[in-house]
Amino acid sequence: MPPAPPLIELRDVSKSFARISALEDVSMEVMPGEILCLLGDNGAGKSTLIKILSGYHQPTSGTLYYQGEETRFSGPRDARRYGIATVHQDVGSIPMMSVGRNFFLGAEPTKGRGPFQRFDAATANSVALEQIRRFGITRVSDGDQLVGTMSGGERQVLAIGRAMYFGAKVLILDEPTSALGVKEAAIVLRFMRQARAEGVAIVFITHNARHAMAVGDRFVVLIQGRVAARFNRGDKSREEVLNLMAGGEQMAELEEDLGDID
(Lines give C-alpha, C1' and ligand atoms only; values in the text may rest on other atoms or scores of the structure.)
Protein backbone atom coordinates (compact mmCIF):
# COMPACT_ATOMS: atom_id res chain seq x y z
CA MET A 1 0.00 0.00 0.00
CA PRO A 2 1.55 3.35 -1.04
CA PRO A 3 2.27 5.84 1.75
CA ALA A 4 -0.20 8.66 2.34
CA PRO A 5 0.70 11.93 0.63
CA PRO A 6 1.74 14.93 2.71
CA LEU A 7 -1.12 17.00 4.07
CA ILE A 8 0.60 20.07 2.62
CA GLU A 9 3.50 20.24 0.20
CA LEU A 10 5.30 23.26 -1.23
CA ARG A 11 7.36 22.86 -4.39
CA ASP A 12 9.76 25.61 -5.45
CA VAL A 13 7.63 28.33 -3.88
CA SER A 14 8.85 31.91 -4.20
CA LYS A 15 7.30 35.14 -2.98
CA SER A 16 8.27 38.67 -3.94
CA PHE A 17 6.96 42.04 -2.83
CA ALA A 18 7.68 44.61 -5.54
CA ARG A 19 11.38 43.99 -6.22
CA ILE A 20 12.13 42.41 -2.84
CA SER A 21 12.38 38.61 -2.70
CA ALA A 22 11.03 37.23 0.60
CA LEU A 23 11.15 33.52 -0.36
CA GLU A 24 13.03 31.76 -3.13
CA ASP A 25 12.43 28.18 -4.34
CA VAL A 26 11.23 26.82 -0.99
CA SER A 27 10.16 23.16 -0.95
CA MET A 28 8.84 21.35 2.14
CA GLU A 29 6.33 18.74 3.26
CA VAL A 30 3.96 18.66 6.23
CA MET A 31 3.02 15.12 7.24
CA PRO A 32 0.18 13.98 9.54
CA GLY A 33 1.20 13.00 13.07
CA GLU A 34 4.47 14.88 12.78
CA ILE A 35 6.02 18.08 14.12
CA LEU A 36 7.90 20.02 11.44
CA CYS A 37 10.07 22.75 12.95
CA LEU A 38 10.59 25.80 10.80
CA LEU A 39 13.71 27.53 12.10
CA GLY A 40 15.33 30.81 11.25
CA ASP A 41 16.46 34.12 12.62
CA ASN A 42 14.44 37.32 12.28
CA GLY A 43 14.02 38.20 8.60
CA ALA A 44 14.63 34.64 7.42
CA GLY A 45 11.25 34.41 5.70
CA LYS A 46 9.34 32.40 8.31
CA SER A 47 6.43 34.85 8.55
CA THR A 48 5.99 35.02 4.78
CA LEU A 49 6.02 31.24 4.52
CA ILE A 50 3.34 30.72 7.16
CA LYS A 51 1.18 33.38 5.51
CA ILE A 52 1.34 31.34 2.30
CA LEU A 53 0.46 28.15 4.20
CA SER A 54 -2.49 29.86 5.91
CA GLY A 55 -3.86 31.61 2.82
CA TYR A 56 -2.90 35.22 3.57
CA HIS A 57 -0.47 35.37 0.63
CA GLN A 58 -0.42 33.72 -2.77
CA PRO A 59 2.96 32.46 -4.04
CA THR A 60 4.57 34.52 -6.78
CA SER A 61 5.69 31.22 -8.31
CA GLY A 62 5.78 27.56 -7.37
CA THR A 63 3.05 25.11 -6.40
CA LEU A 64 1.14 24.23 -3.24
CA TYR A 65 -0.43 20.78 -2.82
CA TYR A 66 -3.02 19.65 -0.29
CA GLN A 67 -3.20 15.86 0.19
CA GLY A 68 -1.49 15.36 -3.16
CA GLU A 69 -3.70 17.70 -5.17
CA GLU A 70 -2.54 21.06 -6.48
CA THR A 71 -4.47 23.89 -4.86
CA ARG A 72 -4.47 27.60 -4.11
CA PHE A 73 -6.04 29.08 -1.02
CA SER A 74 -8.15 32.11 -1.86
CA GLY A 75 -7.71 33.44 1.69
CA PRO A 76 -7.45 32.45 5.37
CA ARG A 77 -11.07 31.32 5.49
CA ASP A 78 -10.44 28.97 2.57
CA ALA A 79 -7.36 27.54 4.31
CA ARG A 80 -9.39 26.98 7.48
CA ARG A 81 -11.96 25.11 5.41
CA TYR A 82 -9.18 22.67 4.53
CA GLY A 83 -8.41 22.24 8.23
CA ILE A 84 -5.40 24.57 8.42
CA ALA A 85 -5.40 26.61 11.64
CA THR A 86 -2.84 29.23 12.61
CA VAL A 87 -2.21 30.22 16.23
CA HIS A 88 -0.14 33.37 16.48
CA GLN A 89 2.25 34.40 19.21
CA ASP A 90 -0.21 36.92 20.69
CA VAL A 91 -2.98 34.24 20.60
CA GLY A 92 -5.71 36.79 19.79
CA SER A 93 -7.88 36.01 22.81
CA ILE A 94 -9.97 38.71 24.48
CA PRO A 95 -8.72 39.18 28.07
CA MET A 96 -11.99 40.58 29.48
CA MET A 97 -14.06 37.74 28.05
CA SER A 98 -14.61 34.36 29.72
CA VAL A 99 -12.86 31.10 28.87
CA GLY A 100 -16.06 29.65 27.40
CA ARG A 101 -16.79 32.77 25.32
CA ASN A 102 -13.25 32.88 23.96
CA PHE A 103 -13.27 29.20 23.10
CA PHE A 104 -16.42 29.55 20.97
CA LEU A 105 -15.83 33.08 19.68
CA GLY A 106 -17.61 33.32 16.32
CA ALA A 107 -19.19 29.87 16.66
CA GLU A 108 -21.24 30.25 19.83
CA PRO A 109 -23.57 27.41 20.89
CA THR A 110 -27.12 28.62 21.48
CA LYS A 111 -30.30 27.43 23.15
CA GLY A 112 -33.90 28.41 22.64
CA ARG A 113 -35.62 29.25 19.37
CA GLY A 114 -36.35 32.29 17.28
CA PRO A 115 -36.32 35.56 19.24
CA PHE A 116 -35.66 33.57 22.44
CA GLN A 117 -32.37 32.13 21.14
CA ARG A 118 -29.43 32.97 23.38
CA PHE A 119 -25.86 31.99 24.10
CA ASP A 120 -25.59 28.63 25.86
CA ALA A 121 -22.98 29.53 28.46
CA ALA A 122 -23.24 26.20 30.32
CA THR A 123 -22.40 24.18 27.19
CA ALA A 124 -19.60 26.55 26.14
CA ASN A 125 -17.99 26.45 29.59
CA SER A 126 -18.29 22.69 29.89
CA VAL A 127 -16.74 21.99 26.49
CA ALA A 128 -13.95 24.55 26.93
CA LEU A 129 -12.93 23.13 30.31
CA GLU A 130 -13.09 19.55 29.03
CA GLN A 131 -10.82 20.39 26.09
CA ILE A 132 -8.13 22.20 28.05
CA ARG A 133 -8.15 19.53 30.77
CA ARG A 134 -7.36 16.95 28.09
CA PHE A 135 -4.06 18.73 27.65
CA GLY A 136 -3.11 19.10 31.29
CA ILE A 137 -4.60 22.48 32.24
CA THR A 138 -6.20 21.83 35.64
CA ARG A 139 -5.74 25.18 37.40
CA VAL A 140 -8.66 26.68 35.45
CA SER A 141 -11.83 25.20 36.95
CA ASP A 142 -14.48 27.77 36.02
CA GLY A 143 -15.50 28.46 32.43
CA ASP A 144 -16.62 31.94 33.48
CA GLN A 145 -13.07 32.83 34.51
CA LEU A 146 -11.70 35.75 32.50
CA VAL A 147 -9.01 34.78 30.01
CA GLY A 148 -6.92 37.73 31.17
CA THR A 149 -6.34 35.91 34.47
CA MET A 150 -4.83 32.88 32.70
CA SER A 151 -1.09 32.45 32.21
CA GLY A 152 0.52 32.78 28.79
CA GLY A 153 0.91 29.02 28.45
CA GLU A 154 -2.69 28.39 29.42
CA ARG A 155 -3.90 30.91 26.82
CA GLN A 156 -1.80 29.18 24.17
CA VAL A 157 -3.33 25.80 25.08
CA LEU A 158 -6.83 27.32 24.98
CA ALA A 159 -6.23 28.68 21.47
CA ILE A 160 -4.67 25.47 20.16
CA GLY A 161 -7.34 23.30 21.83
CA ARG A 162 -10.01 25.45 20.19
CA ALA A 163 -8.44 24.91 16.77
CA MET A 164 -8.34 21.15 17.29
CA TYR A 165 -11.92 21.04 18.57
CA PHE A 166 -13.09 22.70 15.34
CA GLY A 167 -11.33 20.11 13.20
CA ALA A 168 -7.82 21.37 12.51
CA LYS A 169 -5.72 18.87 10.59
CA VAL A 170 -2.70 21.16 10.38
CA LEU A 171 -1.68 23.44 13.27
CA ILE A 172 0.65 26.30 12.38
CA LEU A 173 2.11 27.57 15.66
CA ASP A 174 3.88 30.91 15.28
CA GLU A 175 6.48 31.32 18.05
CA PRO A 176 4.14 29.85 20.72
CA THR A 177 6.86 29.67 23.40
CA SER A 178 8.79 32.88 22.72
CA ALA A 179 7.25 34.99 25.50
CA LEU A 180 6.91 32.18 28.05
CA GLY A 181 8.96 31.09 31.04
CA VAL A 182 10.39 27.59 31.37
CA LYS A 183 7.32 26.02 33.04
CA GLU A 184 4.87 27.73 30.70
CA ALA A 185 6.85 26.69 27.62
CA ALA A 186 6.88 23.10 28.91
CA ILE A 187 3.06 23.15 29.02
CA VAL A 188 2.88 24.14 25.35
CA LEU A 189 5.54 21.64 24.27
CA ARG A 190 3.71 18.84 26.10
CA PHE A 191 0.49 19.89 24.37
CA MET A 192 2.23 19.66 20.99
CA ARG A 193 3.38 16.12 21.67
CA GLN A 194 -0.16 15.08 22.55
CA ALA A 195 -1.63 16.74 19.47
CA ARG A 196 0.93 14.91 17.34
CA ALA A 197 -0.10 11.61 18.98
CA GLU A 198 -3.68 12.33 17.86
CA GLY A 199 -2.53 12.55 14.23
CA VAL A 200 -2.45 16.32 13.83
CA ALA A 201 0.30 17.79 11.64
CA ILE A 202 2.15 20.63 13.36
CA VAL A 203 4.32 23.35 11.85
CA PHE A 204 6.29 24.80 14.76
CA ILE A 205 7.81 28.16 13.86
CA THR A 206 10.52 29.19 16.29
CA HIS A 207 13.97 30.67 16.70
CA ASN A 208 14.49 28.62 19.88
CA ALA A 209 16.57 25.60 18.85
CA ARG A 210 16.27 23.98 22.29
CA HIS A 211 12.47 23.97 22.17
CA ALA A 212 12.47 22.75 18.58
CA MET A 213 14.79 19.84 19.30
CA ALA A 214 12.71 18.83 22.32
CA VAL A 215 9.66 18.01 20.18
CA GLY A 216 10.56 18.16 16.47
CA ASP A 217 10.54 15.22 14.05
CA ARG A 218 11.84 17.06 10.98
CA PHE A 219 13.52 20.43 10.61
CA VAL A 220 13.76 23.09 7.92
CA VAL A 221 16.15 26.02 8.39
CA LEU A 222 15.51 29.24 6.45
CA ILE A 223 18.18 31.86 5.82
CA GLN A 224 17.31 34.98 3.80
CA GLY A 225 14.28 33.31 2.23
CA ARG A 226 16.02 30.12 1.13
CA VAL A 227 16.10 26.62 2.61
CA ALA A 228 19.58 26.33 4.11
CA ALA A 229 19.12 22.83 5.55
CA ARG A 230 16.70 19.95 6.00
CA PHE A 231 17.30 17.21 8.54
CA ASN A 232 15.57 14.70 10.80
CA ARG A 233 15.53 14.38 14.57
CA GLY A 234 18.89 13.19 15.87
CA ASP A 235 20.85 14.18 12.77
CA LYS A 236 22.38 17.32 14.27
CA SER A 237 23.37 18.69 17.66
CA ARG A 238 21.90 21.87 19.10
CA GLU A 239 25.19 23.66 18.44
CA GLU A 240 25.07 22.63 14.78
CA VAL A 241 21.49 23.87 14.51
CA LEU A 242 22.37 27.21 16.09
CA ASN A 243 25.27 27.51 13.69
CA LEU A 244 22.96 26.88 10.74
CA MET A 245 20.40 29.39 11.95
CA ALA A 246 23.09 32.03 12.39
CA GLY A 247 24.49 31.39 8.94
CA GLY A 248 27.70 29.59 9.89
CA GLU A 249 30.23 32.35 9.36
CA GLN A 250 28.12 34.83 11.33
CA MET A 251 28.10 32.43 14.28
CA ALA A 252 31.85 32.00 14.12
CA GLU A 253 32.32 35.78 14.11
CA LEU A 254 30.01 36.13 17.12
CA GLU A 255 31.92 33.50 19.08
CA GLU A 256 35.18 35.26 18.21
CA ASP A 257 33.79 38.60 19.40
CA LEU A 258 32.59 37.03 22.67
CA GLY A 259 36.06 35.56 23.14
CA ASP A 260 37.59 39.00 22.78
CA ILE A 261 35.18 40.35 25.41
CA ASP A 262 36.18 37.62 27.87
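Look up: the structure comes first, before these words.
What you see is a predicted model, and the numbers here were worked out from it, not measured in a lab.

> Can you help me understand the pairing of strand E11 (residues 218-223) in this one?
Remark: a regular strand shows side chains that alternate across the two faces of the sheet. Of all 6 residues that make up E11, 5 are buried, and the element is covered over most of its length. Where strand E3 (residues 35-39) lies against E11, 4 bridges are found, and the strand directions are parallel. Residue pairing across strands places leucine 36 opposite arginine 218, the latter belonging to E11. Bridge count between E11 and strand E12 (residues 226-232): 6 bridges; the pairing is antiparallel. Among the inter-strand pairings, arginine 218 is bridged to a residue of E12, identified as asparagine 232. Turn length for the E11-E12 hairpin, with the two strands adjacent in sequence and antiparallel, is 2 residues, and the turn residue glutamine 224 shows positive phi of about 50°.

> Help me understand the sheet that holds E11, please; the structure alone is not making it clear to me.
The strands making up a sheet associate through hydrogen bonds between their backbones, and the pairing can be parallel or antiparallel. With mixed pairing, 6 strands are arranged side by side in an open sheet as E6-E9-E10-E3-E11-E12. The open sheet has two edge strands with one neighbour each: strand E6 (84-87) and E12. Averaged over all neighbouring strand pairs, the angle between strand axes comes to 15°, with direction disregarded. Strand direction decides the pairing type here: E3 and strand E10 (residues 201-206), joined by 5 bridges, are parallel. Paired with leucine 39 across the bridge in E10 is threonine 206. The sheet contacts of helix H6 (residues 182-197) involve E3, strand E9 (170-174) and E10, and relative to E10 the element is tilted by about 155°.

Basis of the calculations
Residues numbered from 1 in each chain as written. Predicted model: local features only at pLDDT ≥ 70, side-chain atom pairs only at ≥ 80, totals over all residues. Heavy atoms only, no water. Buried < 20%, exposed > 50% of the residue type's maximum accessible area, 1.4 Å probe, protein only. Helix = DSSP H or I, 4+ residues; strand = E, 2+ residues; numbered from the N terminus. Pairing = 2+ DSSP bridges. Axes fitted to C-alpha atoms, helices over the stretch in contact; angles between N-to-C directions. Contact = heavy atoms within 4.5 Å.

Spatial relationships are all this shows, so hold off on functional conclusions.
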